[in-house]
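Observations on the three-dimensional arrangement
Spelled out from the first residue to the last, the chains are:
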Amino acid sequence: MCLAIPGKVISLHEENGLLMGKVEFGGTLISACLAYVPEVKVGEYVIVHAGFALNVIDEEEAERTFALLKEIGESEGQG
Amino acid sequence: MKYLEEYRNPEIAHRLLDEIRDKVTRPWVIMEICGGQTHAILRNGIDELLPDTVTLVHGPGCPVCVTPLELIEKALTLASRPEVTFVSFGDMLRVPGVSRDLFKVKSEGGDVRIVYSPLDAIRIAKENPDRQVVFFAVGFETTAPNSAMLVAQAVREEITNLSLLVSHVLVPPAMTALLDSPQNRVQAYLAAGHVCTVMGWQQYESIVRDYHVPIVVTGFEPVDLLSGILSAIKQLESGQAKIENQYARMVTREGNLYAQRQIDDVFQICDRTWRGIGVIPRSGLKLRDKYATFDAEPRFGLTDLVIAEPADCISGIILQGLKKPNECPQFGNRCTPATPLGATMVSSEGACAAYYNYQRFRNLSEK
Ligand code: SF4
């Protein structure tokens, strides 16, 4: 039920009044409901759970956290 | 893949492990709630890399594992009815009921269909207008919005041959129930990243305040988990208790408001039995009265069933973090993924299956 990895939104379309899209996970395309992420744009990354995208990755936050992790690790590694 | 490789960086993982070793001065017990995290921890050997003083225990965060036997029996009853097409996520099919599972019903000719998205139930209902389609709505706050959308869409498309067997459960009441238990060992929580994606981390503020327990919202990759564990250790060592959000690339304080609104429109909070644990007040979701026509239980006249758990399976104790799977006498002997005695061995997210798949057979007396 739980697909924890981020997928990239490739295209958007509407189906019976619902926002849907194709999401790519490492070369595999799946169809997902995007109704809970209505602002999503093609090219953005989402987490899909049981056929629904539940959130869009905050790219700035992803980079910020990662930079922080690297920094903490580095300073600790030296310390 | 983007947003994945970074969080699997072995060099950073090792630095985080070093820092954890550096910071720990006493034994601590940390629970990861989510079965997906349990699997990630075991698959990556994180439990074995941590210092002996840090014990990870596995929480009740596997929806397949905690779905009560009564509901499984109701599912089996419905799936056996000739007029019913029973629609379920694949991992529910092997969960043992009293004497059989959904696979058995399917092999005996029951119309049981596996879907990945709840919305597939709409398509099946439209393709089979002369049949009754029942969707087995299980899962936490992460699948509840999807079931809610199924109901909303069925209303929109005026589909009447569809109903839901609802067994949705909520994580925070289970967390407080564990902390309230006199046997509780949990000193800090790694909160389930995806539940928080929907509900936001604000739902934990009262738990942190009332129980003085650190909660770190954590993702699913090794670096996510190790940095979550490190944050929890730092708090424990300094006597703090606050919420930290290690998974900020996905989780905000408020969560996904669209999903929350949809859940709230379709469902209301109810008491629910958790398999192996018992009734936890206000820990489940049921359909609101205005959607009562979508409730499979009254539609098919299913009465309340009370069924005892199998006596030799200790999964309830495992789901409460009181014992580890390899401490169960049946583990790896009578109970394996091929011959499961309990749901925690059946489910791909279950703790017993994780221990079995990643070969945690070490002799306990050596510990
Ligand atoms: S090993 Fe099997 S019998 Fe023991 S707790 Fe796990 S599922 Fe139950």
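Just above, that's the structure.
Residues numbered from 1 in each chain as written. Chains lettered and ligands numbered in written order. Predicted model: local features only at pLDDT ≥ 70, side-chain atom pairs only at ≥ 80, totals over all residues. Heavy atoms only, no water.

For the rest of this paragraph, the subject is the interface of chain B and chain A. Facing 48 residues of chain B, the contacting portion of chain A comprises 42 residues. Across the chain B to chain A interface the summed buried area is about 3,900 Å²; carbon plus sulfur atoms make up 67%. When the buried area of chain B at its contact with chain A is split by residue, B:Tyr3, B:Arg15 and B:Tyr116 rank highest and sum to 17% of it. Our enumeration of links across chain B and chain A arrives at 0 salt bridges. Where chain B packs against chain A, one counts 11 residue pairs in polar contact (both at pLDDT 80 or more). Secondary-structure elements contributing two or more residues to the side of chain B that touches chain A are α1 (10–23), α4 (63–66), α8 (144–156), α10 (193–199), α12 (222–238) and α13 (257–266) of chain B. Element by element, the count of residues in the side of chain B that touches chain A is highest for α1(B), at 6 residues. A breakdown of the residues in the side of chain B that touches chain A according to their chemical character gives 23 nonpolar, 11 polar and 14 charged. (Contact = heavy atoms within 4.5 Å. Buried area = accessible area lost by both parts, 1.4 Å probe. Salt bridge = Lys/Arg side-chain N within 4 Å of Asp/Glu carboxyl O. Polar contact = N/O pair within 3.5 Å; in protein donor to acceptor, adjacent residues only side chain to side chain. Helix = DSSP H or I, 4+ residues; strand = E, 2+ residues; numbered from the N terminus. Nonpolar A, V, L, I, M, F, W, Y, C, P; charged D, E, K, R; others polar.)

As a further point, take the site of the ligand. All names here are of chain B. The immediate surroundings of the ligand are formed by 13 residues, with Cys313, Cys328, Cys335, Thr344 and Cys352 found nearest. Listed by contribution, the elements that provide at least two residues to the shell around the ligand are α15 (315–319) and α16 (343–346). Here the residues of the shell around the ligand are counted per class, giving 9 nonpolar, 4 polar and no charged. (Near = heavy atom within 4 Å.)

For the rest of this paragraph, the subject is α1(B). Residue and element names in this part refer to chain B. Between the first and last C-alpha of α1 there are 20 Å, a value that for 14 residues agrees with the 20 Å anticipated at 1.5 Å per step. Those residues of α1 not exposed but buried are Ile12, Ala13, Arg15, Leu16, Leu17, Glu19 and Ile20. The opening residue of α1 is asparagine 9, an N-cap whose side-chain oxygen sits 2.8 Å from the backbone nitrogen of glutamate 11. (Expected span 1.5 Å × (residues − 1). Buried < 20%, exposed > 50% of the residue type's maximum accessible area, 1.4 Å probe, protein only.)

So, on to the environment of B:Val216. All names here are of chain B. Topologically, valine 216 is positioned in strand β8 (residues 215–218). For valine 216 and glutamine 153, which are 63 residues apart along the polypeptide, the C-alpha to C-alpha distance reads 35 Å. Ignoring anything within four residues of it in the chain, the contact list for valine 216 reads Tyr189, Leu190, Ala191, Gly228, Ser231, Ala232, Gln235, Glu244 and Gln246.

Here we take up the nonpolar core. A general feature of soluble globular proteins is that nonpolar side chains tend to end up buried together. Residue and element names in this part refer to chain B. Residues Ile30, Phe86, Tyr189 and Ile229 are the most contacted members of the largest nonpolar core, which totals 133 residues. Broken down by element, the residue count for this core peaks at 8 residues, all from α12. Phe331, Cys335, Met345 and Tyr355 belong to the second-largest nonpolar core, a separate cluster that totals 11 residues. (Core = buried A, V, L, I, M, F, W, Y, C linked by side-chain atoms within 4.5 Å.)

Opposite charge on two side chains makes pairing possible when the charged atoms of those side chains draw close. Residue and element names in this part refer to chain B. Taken as a whole and assessed by the stated rule, the structure comprises 22 salt bridges over all chains. Between lysine 104 and glutamate 108 there is a salt bridge; the shortest N-O distance is 3.0 Å. Given a relative accessible area of 41%, lysine 104 falls into the partly exposed group. A salt bridge links lysine 126 to glutamate 157, with the nearest nitrogen and oxygen atoms 2.5 Å apart. With a gap of 31 residues between them, lysine 126 in helix α7 (residues 120–127) and glutamate 157 in the loop between α8 and β6 (162–169) connect regions that are remote in the sequence. Under the relative-accessibility criterion, glutamate 157 is labelled partly exposed at 22%.

Attention now moves to the packing of α1(B) against α12(B). When two helices pack together, their arrangement is given by the angle between the helix axes and by the axis-to-axis distance. All names here are of chain B. One can describe the packing of α1 onto α12 by two numbers: an axis separation of 9 Å at closest approach and a directional angle of 15 degrees. As judged from the angle between their axes, α1 and α12 are roughly parallel. Relative to α12, the crossing made by α1 is left-handed. Contacts between α1 and α12 involve Ile12, Ala13, Leu16, Leu17, Glu19, Ile20 and Lys23 on the former and, on the latter, Val223, Leu226, Ser227, Ile229, Leu230, Ile233, Lys234 and Glu237. (Axes fitted to C-alpha atoms, helices over the stretch in contact; angles between N-to-C directions. Parallel < 35°, antiparallel > 145°, perpendicular 65-115°, else oblique. Left-handed = near helix turned anticlockwise from the far one by under 90°.)

Next up on the list: the packing of aromatic side chains. Two measures describe an aromatic ring pair: the distance that separates the ring centres and the angle between the ring planes. Residues and elements named next belong to chain B. Here the structure, examined in full by the defined rule, presents 6 aromatic pairs over all chains. Between phenylalanine 331 and tyrosine 356 the ring centres are 6.2 Å apart and the planes differ by 70 degrees, which places this aromatic pair in the edge-to-face class. Of this pair, phenylalanine 331 sits in the loop between α15 and α16 while tyrosine 356 sits in helix α17 (residues 351–357), and the two are 25 residues apart along the sequence. Its relative accessible area of 22% is what places tyrosine 356 among the partly exposed residues. For the cation-ring pair, arginine 249 lies above tyrosine 7, with the distance from its terminal atom to the ring centre recorded as 3.5 Å. Just above the ring of tryptophan 201 sits the side chain of arginine 253; from NZ or CZ to the centre is 5.9 Å. (Phe/Tyr/Trp six-rings, centres within 6.5 Å; stacked < 30°, edge-to-face > 60°. Lys NZ or Arg CZ within 6 Å of the ring centre and 35° of its normal.)

In short, the description is geometric, and any link to function would need to be established separately.
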